[in-house]
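# Structural overview
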Amino acid sequence: MKQDMIVILDLGSTENTVLAREIRDLGVYSEIHPHDITVDELRKLDNVKGVILNGGENRIVDGVAVEVSDTIFDCGYPVIAIDHPTAKCETKLDKLPDKDALSEFLFEQCKAEANWNMKNFIEDQVELVRQQVGDRKVLLALSGGVDSSVVAALLLKAIGQQLVCVHVNHGLMRKNESESVLEVFKNQLHANLIYVDATERFLGKLENVADPEEKRKIIGGEFIRVFEEEARKLDGIDFLGQGTIYPDIIESGTKTAKMVKSHHNVGGLPEDLQFELVEPLKQLFKDEVRACGIELGLPENMVYRQPFPGPGLGVRCLGAITRERLEAVRESDAILREEFEKAGLDKKVWQYFTVVPDFKSVGMKNHARCFEYMVIIRAVNTIDAMTASIERLDWEVLDKITQRILAEVEHVNRVCYDMSPKPPATIEFE
Ligand code: XMP
């Protein structure tokens with residue numbers, strides 16, 4: 001690690017992530033560590049230039065009042081508190097954000113260099129991955145989502161053909177999604193990529209299954225089995241690449257993070273298929289992951305794509321999935337995305353998609369009564385997906401999308417717009 005680092009010790013403030021972001025915005029790398037880190041552990045971290053203590057109002061973690069060990073103040077790094085100052089701290093910052101005071105601390109007191117940028121990050125990670133992997137092979141499940149795509153591009157740069165990507169098409173991908181993964185990674189970047197079309201297998205398992213959680217379980221479980229079967233066909237793989245990012249680590253708690261997330265992601269693979277993990281993005285926030293993808297030359301539409309759930313269109317084709325309704329979801333979603341892009345809404349709206357319920361309504365087509373499905377459009381904005389508000393779509397845009405869906409999507413005679421915020425609705429319908 002060549003970049004200088006500021007360590008934030010977590011004394012219970014909810015603002016630590018914001019603080020880490022602000023320090024990185026000033027060009028200095030920053031990580032959050034548990035309040036009870038020992039001096040030895042702190043010294044083992046690379047290029048530490050200073051330490052910030054932040055506990056918010058009361059310095060309480062998990063309901064217990066906490067303090068840092070006195071030895072932290074004697075370890076030779078500049079230390080500041082930005083909650084209530086203790087006598088031992090040299091400096092106090094009054095509130096967040098206070099960029100001037102923060103800059104003063106970083107650049108005057110800690111003498112940190114503003115060398116945190118994606119170019120340096122990539123250079124470092126390429127070197128670290130090469131050291132970790134040597135001449136051995138890394139397996140990566142490449143879904144085409146932002147994180148797995150950026151990991152793939154980074155590992156490809158570091159170890160080239162020693163990276164083996166597996167793309168499983170579960171038949172619940174959006175229109176042209178698998179094709180674009182193949183186009184970018186196989187045709188353009190010449191990655192070692194195995195494409196598995198498991199559509200029939202997934203749809204077979206999902207037949208007549210209407211319960212949303214049961215559907216999720218089947219899709220998740222089947223995905224692991226398909227991936228495992230591919231892994232067993234390959235020889236001499238020692239590592240598993242993963243798109244773990246920094247929020248995954250913070251969310252699981254700074255102490256137990258690595259264990260929880262790793263278990264969560266590879267949990268399900270049998271004991272005899274345990275790999276060592278390669279997680280080169282685990283220091284990055286989401287927007288840094290995107291910047292890293294751009295720096296690595298990935299296309300913008302791959303790096304800036306909206307969130308897409310793991311079970312894919314499976315949870316948007318409501319109830320028991322049928323091919324007819326699945327196609328209606330896929331086609332209407334493609335129209336929605338196309339029209340959003342034309343209207344510039346793809347850059348503005350956080351998540352937008354269509355769903356098709358499992359009941360029909362009466363309509364008229366070609367002067368005759370018809371009994372067909374409806375498409376519901378959903379477009380929401382959110383910061384953290386915990387709450388969400390609807391996008392107030394322009395009537396003209398809604399009208400255009402509606403007309404196109406009615407004219408182009410088979411088995412559909414009605415289009416609705418979902419006006420519900422979260423809560424009480426969730427973003428997805430299942
Ligand atoms: P809800 O529907 O809970 O969705 O408001 C919040 C966010 O999570 C996404 N989501 C999922 N992502 N697997 C995923 O990987 C899932 O099973 C899943 N369910 C919901 C949803 O798209 C939204 O961004």
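An account of the accompanying structure is given in this report. Note that the coordinates shown come from a computational prediction; the quantities given were computed from them, not determined experimentally. (Residues numbered from 1 in each chain as written. Predicted model: local features only at pLDDT ≥ 70, side-chain atom pairs only at ≥ 80, totals over all residues. Heavy atoms only, no water.)

### Remarks on the pairing of strand 8 (residues 137-141)
Here is the rule we go by: Strands are treated as partners if at least two bridges between them are detected by DSSP. Every helix listed is a DSSP run of H or I at least four residues long, and every strand listed is a run of E at least two residues long, numbered separately from the N terminus. Orient the strands so they point away from the viewer; a crossover is then right-handed if the path from the first strand over the helix to the second runs clockwise.
Bridge count between strand 8 and strand 11 (residues 237-241): four bridges; the pairing is parallel. Residue pairing in the sheet places lysine 137 in a bridge with isoleucine 237 of strand 11. Here strand 8 pairs with strand 9 (residues 163-169) via four bridges, running parallel. Counted as the bridge partner of alanine 141 is valine 166 from strand 9. The parallel pair strand 8 and strand 9 is bridged by helix 5 (residues 146-159), and the resulting crossover is right-handed.

### Side note on the packing of helix 7 (residues 199-206) against helix 8 (residues 212-233)
How two helices pack is summed up by the angle between their axes together with the distance between the axes. Rule in force here: Here an axis means a line fitted to C-alpha atoms, over the contact stretch when the element is a helix, while the angle between two N-to-C directions is reported on a 0 to 180 degree scale. Each helix crossing is assigned a hand: it is left-handed if the near helix lies turned anticlockwise from the far helix by less than a right angle, otherwise right-handed if that turn is clockwise. We call two residues in contact when some of their heavy atoms are within 4.5 Å. Residue polarity follows a fixed list, in which Ala, Val, Leu, Ile, Met, Phe, Trp, Tyr, Cys and Pro are nonpolar, Asp, Glu, Lys and Arg are charged, and the others, Gly among them, are polar.
Contact pair helix 7 / helix 8: the axes reach a minimum separation of 10 Å and the direction vectors enclose 145°. Once helix 7 is placed against helix 8, the crossing between them reads as right-handed. The residues of helix 8 that touch helix 7, namely those facing Arg201, Phe202, Lys205 and Leu206, are Lys215, Ile218, Ile219, Glu222, Phe223, Arg225, Val226 and Glu229. For the contact of helix 7 with helix 8, the residue count by class is six nonpolar, no polar and six charged.

### Examining the site of the ligand
Stated formally: Near, as used in this document, describes a residue that has one of its heavy atoms within 4 Å of the molecule or strand being considered. Any pair of N or O atoms that falls within 3.5 Å is considered a polar contact. Within protein, one atom must be able to donate a hydrogen and the other to accept it, and sequence-neighbouring residues count only if both atoms are side-chain atoms. Methods summary: accessible areas were calculated by the Shrake-Rupley approach with a probe of 1.4 Å, and residue burial reflects only the protein chains presented.
All residues adjacent to the ligand are Arg216, Pro309, Gly310, Pro311, Trp350, Gln351, Lys422, Thr426, Ile427 and Glu428. Within the contact set of the ligand, an oxygen atom lies 2.5 Å away from a side-chain nitrogen or oxygen of arginine 216. Between the ligand and glycine 310 there is a distance of 3.0 Å, counted from an oxygen atom to a backbone nitrogen or oxygen. Considered on its own, the ligand offers 500 Å² of accessible surface; in the complex 69% of this is hidden by protein. A breakdown of the residues in the shell around the ligand according to their chemical character gives four nonpolar, three polar and three charged.

### A word on the nonpolar core
Filter applied, for reference: Here, the term nonpolar core denotes a set of buried Ala, Val, Leu, Ile, Met, Phe, Trp, Tyr and Cys residues that are joined through side-chain atoms within 4.5 Å. Residue burial is assigned from relative accessible area. The probe radius is 1.4 Å, only protein chains are included, and a residue is buried under 20% of its type maximum, exposed over 50%, and partly exposed in between.
If you look at the biggest cluster of nonpolar residues, it comprises 57 residues, and the most contacted ones within it are Leu53, Phe121, Phe185, Leu281 and Cys292. Top element by residues in this core is helix 5. It accounts for ten residues. Here leucine 281 is in contact with Phe121, Asp147, Val150, Val151, Leu154, Thr244, Ile245, Tyr246, Val289 and Cys292, once residues within four sequence places are set aside.

### Brief notes about the pairing of strand 14 (residues 360-365)
Relative to strand 15 (residues 368-381), strand 14 runs antiparallel, the two being bridged by six bridges. Across the sheet, the residue bridging to glycine 363 is cysteine 370, located in strand 15. Joining the antiparallel neighbours strand 14 and strand 15 is a turn of two residues, in which asparagine 366 adopts a positive phi near 50°.

### Comments concerning helix 11 (residues 286-295)
Residue pairs three or four apart in sequence face the same way in an α-helix, which turns once every 3.6 residues. Using the following cut-off: Our arc is simply the arc of the directions from the helix axis toward the C-beta atoms.
Buried residues of helix 11: Glu288, Val289, Cys292 and Gly293, and no others. Looking down the long axis of helix 11, one finds its buried residues gathered within 145° of arc, a one-sided arrangement. In the core, the buried residues of helix 11 are packed alongside helix 1 (16-25), helix 4 (118-133), helix 5 and helix 12 (300-303). Downstream of helix 11 by a residue or two, glycine 297 has a phi angle that is positive, lying close to 90°.

### A short note on helix 8
What counts, and what does not: For a helix, the expected span equals 1.5 Å multiplied by the number of residues minus one.
Its 22 residues give helix 8 an end-to-end C-alpha distance of 32 Å, which sits within 8% of 32 Å, the value for a rise of 1.5 Å per residue. Considering only its buried residues, helix 8 is in contact with strand 8, strand 9, strand 10 (192-197), helix 7 and strand 11.

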